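In case you want the letters, here they are:
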Amino acid sequence: QVQLVESGGGLVQAGGSLRLSCAASGRTFSSYRMGWLRQAPGKEREFVAAVSESGDVKSYAESAKGRFPIFRDTAKNTVYLQMNSLKPEDTAVYYCAAGTGAVRSRDGYDYWGQGTQVTVSS
């Protein structure tokens, strides 16, 4: 089992930045690809970014590319999402997830955190 706990969400003005953190425990953290997915009210959960087991390969949704770098610190069992140039449309609950399946699909992840709210004001 893998347990994931997100933190770092909050209220920020458009153009501002937030760093989300996901602390992992349980099975070997480095054995899983880590991803961030988000869900806005009334919408489906969507892929944002992911980083490979080694930390060398990263994937991004088009909306996140160039704005939301993802990285992991294996020694600390933590993955981060650095969110820059935030827009109101980024408002959502952000979930950390671990898995070995399809990178851009929610079905590709087996373990999920509880989510952290990110709200971006105009």
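Residues numbered from 1 in each chain as written. Predicted model: local features only at pLDDT ≥ 70, side-chain atom pairs only at ≥ 80, totals over all residues. Heavy atoms only, no water.

A. Fine view of the pattern of salt bridges. Counting across every chain of the model gives four salt bridges. Here R106 and E44 are joined by a salt bridge, their closest N and O atoms 3.6 Å apart. Of this pair, R106 sits in the loop between β9 (92-99) and β10 (111-112) while E44 sits in the loop between β4 (33-39) and β5 (46-51), and the two are 62 residues apart along the sequence. On the accessibility criterion, R106 (47% relative accessible area) is partly exposed. According to the relative accessible area criterion, E44 is exposed, its value standing at 57%. (Salt bridge = Lys/Arg side-chain N within 4 Å of Asp/Glu carboxyl O. Helix = DSSP H or I, 4+ residues; strand = E, 2+ residues; numbered from the N terminus. Buried < 20%, exposed > 50% of the residue type's maximum accessible area, 1.4 Å probe, protein only.)

B. Quick look at the nonpolar core. Within the largest apolar cluster, 29 residues are counted, with the highest numbers of intra-cluster contacts made by L4, M34, W36, V79, L81, M83 and Y94. Contributing elements (two or more residues each) for this core: β1 (2-7), β3 (18-26), β4, β5, β8 (78-83), β9 and β11 (116-121). Setting aside residues up to four positions removed in sequence, L4 forms contacts with C22, A23, A24, M34, C96, A97, A98, Y111, W112, G113 and Q114. Counting residues in hydrophobic clusters, the runner-up holds six residues, among them L37, F47, A50 and A61. (Core = buried A, V, L, I, M, F, W, Y, C linked by side-chain atoms within 4.5 Å. Contact = heavy atoms within 4.5 Å.)

C. Broad picture of the packing of aromatic side chains. Applying the stated criterion across every chain yields a total of four aromatic pairs. Here the aromatic rings of Y32 and Y111 are separated by 5.8 Å at their centres, their planes lie at 85°, and the arrangement is edge-to-face. A residue pair is termed long-range when its members are at least 10 positions apart, and Y32 in the loop between β3 and β4 and Y111 in strand β10 qualify at 79 residues. A single burial state applies to Y32 and to Y111, both of which are buried. Judged by centre distance (5.0 Å) and plane angle (25°), the rings of F71 and Y80 are stacked. For F71, a relative accessible area of 28% translates into the label partly exposed. What makes Y80 buried here is its relative accessible area of 15%. Chaining the aromatic ring pairs together yields one cluster made of Y95, Y109 and W112. Here R45 stacks its cationic end above the ring of Y95, 3.7 Å away from the centre of that ring. Between R45 and the ring centre of W112, over which it is positioned, the NZ or CZ distance is 4.8 Å. (Phe/Tyr/Trp six-rings, centres within 6.5 Å; stacked < 30°, edge-to-face > 60°. Lys NZ or Arg CZ within 6 Å of the ring centre and 35° of its normal.)

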